[in-house]
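Architecture and fold: a report
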Amino acid sequence: MNMHSSSDISEAYIALGANLGDREKTLMEAIACLEEHADITVVRCSNLYETDPVGYLDQPCFVNMVVAVRTALHPESLLSLMLEIELRLGRERLIRFGPRTVDLDLLWIEGREVDTTLLTLPHPRMFERAFVLVPLADIVPEEEASGLYTSLHDALVQIEGKEGVRFWKTCTWHGASALSGN
């Protein structure tokens, strides 16, 4: 686990999804890539959920999850790193909402609002997506101070499509040693 001395540490939530190749292995590799960065510590992982595709339907089911990270990175720098990780793990953007080896979406950073050409926070569609809300609910603590917990649970009551989000398995991530076997 990475340690930070900066007082500018924020907790961020990142959604991960994959529907090509070894989906679970790719998601664990993406988490390891996040954890490798000196300014990121993965603190919580949701369960993994198998989910029906949304938008472009002619593709395999996804495995989705959400991680909470502590980071000293600015939101745009974190997003840039996430896009690099997608490329490193074979992501190709051929069809909008189409099949992919991995997808990382920055959802929330302590209630910050960002609206640039590169990034919108909170994620503009997170409260419309059961495949984001269900795993996010696994890891957002009730005492979370920015209001995410309340907004999340209000959205979960109203969201349609929860039946397309099925528990698949418990996340096996246990820090940087998870992939190395240490």
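Just above, that's the structure.
Scope of this entry: the structure provided in the associated data block. (Residues numbered from 1 in each chain as written. Predicted model: local features only at pLDDT ≥ 70, side-chain atom pairs only at ≥ 80, totals over all residues. Heavy atoms only, no water.)

1. Quick look at the side chain of asparagine 64
With respect to the secondary-structure elements, asparagine 64 resides in strand S4 (residues 62-71). Taking the relative accessible area as the measure of exposure, asparagine 64 reaches 7% and is therefore buried. A polar contact is formed between the side chain of asparagine 64 and the side chain of threonine 51, at a distance of 2.5 Å. Ignoring sequence-local partners within four residues, the contact set of asparagine 64 consists of Leu16, Gly17, Asn47, Leu48, Tyr49, Thr51 and Phe131. (Helix = DSSP H or I, 4+ residues; strand = E, 2+ residues; numbered from the N terminus. Buried < 20%, exposed > 50% of the residue type's maximum accessible area, 1.4 Å probe, protein only. Polar contact = N/O pair within 3.5 Å; in protein donor to acceptor, adjacent residues only side chain to side chain. Contact = heavy atoms within 4.5 Å.)

2. Points about the nonpolar core
One finds Ile14 and Leu34 to be the most contacted residues of the largest nonpolar core, which totals 34 residues. For this core, the elements supplying multiple residues, two or more each, are strand S1 (10-18), helix H1 (23-36), strand S2 (40-45), S4, helix H2 (75-88) and strand S5 (103-109). No other element matches H1, which puts 7 residues into this core. Counting 22 residues, the second-largest nonpolar core is a separate cluster that includes Ala15, Val66, Ile139 and Ala155. (Core = buried A, V, L, I, M, F, W, Y, C linked by side-chain atoms within 4.5 Å.)

3. A short note on the environment of isoleucine 85
The topology assignment puts isoleucine 85 in helix H2. Sequence-wise, isoleucine 85 and isoleucine 9 are 76 residues apart; in three dimensions their C-alpha atoms are separated by 21 Å. Leave out the neighbours within four places in its chain, and isoleucine 85 touches Ala30, Cys33, Leu34 and Leu104.

Taken by themselves, the reported measurements are silent on function.
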